[in-house]
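The primary structure of each chain is shown beneath.
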Amino acid sequence: MLRALTSALRLRSPRRPLEARGCAANLAAANREIQVCALAGPDQGITEILMNRPSARNALGNVFVSELLDALAQLREDRQVRVLIFRSGVKGVFCAGADLKEREQMSEAEVGVFVQRLRGLMNEIAAFPAPTIAAMDGFALGGGLELALACDLRVAAASSAVMGLIETTRGLLPGAGGTQRLPRCLGVALAKELIFTGRRLSGAQAQALGLVNHAVAQNEEGNAAYHRARALAQEILPQAPTAVRLGKVAIDRGTEVDIASGMAIEGICYAQGVLGFVRHSVNQLHTRIQSQSSYRKA
């Protein structure tokens, strides 16, 4: 496992960025259910994934899931991405969960394959190398909350955000990580209570339980959680990116094992961080020496 961890920490070579990295999206990008926007200026390093399927309240359908998987596959290789924010382009909703109308048209075998894809999507979000933040300004039910749970941090509007794993009210159970990530977030007993009852929580209630990091009063535009998520991302930006990524690995991998193994994982991450710091310092020194040499020659 530690060998796999060391391999996972190896820096990837940057890939060609997404076509729609800029925020001035073209018509083709505007018609996509998943849109990617890389912020500029003082916010450079923050990338946003905009979920934009108004006809189905951002329900997790086949096209939606495919486009989101494609976006994640490209962004995870892009070292320019320092923080990734998931937000909604549909007012009043973050993500309404699985597309049940679409599911009704599937065979039993097709449903099984699709649920596996949903689990894979949530795992890809959870494994994203940079910090991820879910900005919930509206409803996040079922798979929508599972998507938010796969993120590192969650911000919600205190009153307009409504969240819950409501599958038991429909004769189902959470199938995209909810039964695993909610107990890890809140503890076993509370997670069981929320799943057994299918209870819905406001953003304020969710913060009181520790389900979200911050709950904020909603504004007239209906995007207060997004603005708080962006402010949180701005706090992360000045920090050393390699250290932040290694910290995420140490926490995520360490909480999956006993504390002795977790300490070993922390040690590997710490060693990688020191090596990265030394390399960065040496590169800076070389740059300064070259600059001074050029100045003297001039």
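One structure accompanies this document, and this report is about it. (Residues numbered from 1 in each chain as written. Predicted model: local features only at pLDDT ≥ 70, side-chain atom pairs only at ≥ 80, totals over all residues. Heavy atoms only, no water.)

This brings us to the nonpolar core. Phe-86, Phe-94 and Met-163 are the most contacted members of the largest nonpolar core, which totals 48 residues. With 6 residues, helix H3 (residues 62-75) is the single largest residue contributor to this core. Ranked by size, the runner-up nonpolar core spans 15 residues in total, among them Cys-37, Leu-39, Ile-133 and Ala-229. (Core = buried A, V, L, I, M, F, W, Y, C linked by side-chain atoms within 4.5 Å. Buried < 20%, exposed > 50% of the residue type's maximum accessible area, 1.4 Å probe, protein only. Helix = DSSP H or I, 4+ residues; strand = E, 2+ residues; numbered from the N terminus.)

Let us look at the sheet that holds strand S2 (residues 46-51). The strand order across the open sheet built from 6 strands is S1-S2-S3-S5-S7-S10, with neighbouring strands paired in mixed fashion. The open sheet terminates on both sides in strands that have one partner only, identified here as strand S1 (34-38) and strand S10 (214-216). The average angle at which neighbouring strand axes cross in this sheet is 20°, direction not considered. Here 5 bridges tie S1 to S2, and the two strands are oriented antiparallel to one another. Bridge pairing in S2 places Cys-37 opposite Glu-48. (Pairing = 2+ DSSP bridges. Axes fitted to C-alpha atoms, helices over the stretch in contact; angles between N-to-C directions.)

The subject of this paragraph is the sheet that holds strand S9 (residues 201-202). Strand order across the open sheet formed by 4 strands is S4-S6-S8-S9, with mixed pairing between neighbours. With one partner strand each, in any of the chains shown, strand S4 (93-95) and S9 form the two edges of the open sheet. Examined bridge by bridge, strand S8 (residues 162-164) and S9 share 2 bridges and lie antiparallel to one another. In the sheet register, Met-163 faces S9, and the bridge partner there is Leu-201. The strands touched by helix H6 (residues 143-150) are S4, strand S6 (139-141) and S8; relative to S6, the strand with the most contacts, the crossing angle is about 95°. (Contact = heavy atoms within 4.5 Å.)

What follows covers the pairing of S2. Residues in a regular strand project their side chains so that they alternate between the two faces of the sheet. Of all the 6 residues making up S2, 6 are buried; the element is thus mostly covered by neighbouring parts of the structure. When S2 meets strand S3 (residues 83-88), the two strands line up parallel, connected through 6 bridges. Considered in S3, the bridge of Met-51 is made with Ser-88.

Where helix H7 (residues 178-186) meets helix H8 (residues 188-197), the closest approach of the two axes is 7 Å, and the angle between their N-to-C directions is 135°. Between H7 and H8, the interaxial angle falls into the category oblique. Here H7 runs over H8; the crossing is right-handed. Here Gly-178, Thr-179, Leu-182, Pro-183 and Leu-186 of H7 lie close against H8, whose contacting residues are Val-188, Leu-190, Ala-191, Leu-194 and Ile-195. Class assignment for the residues of the contact of H7 with H8 results in 8 nonpolar, 2 polar and no charged. (Parallel < 35°, antiparallel > 145°, perpendicular 65-115°, else oblique. Left-handed = near helix turned anticlockwise from the far one by under 90°. Nonpolar A, V, L, I, M, F, W, Y, C, P; charged D, E, K, R; others polar.)

Limitation: the analysis is restricted to geometry and does not speak to function.
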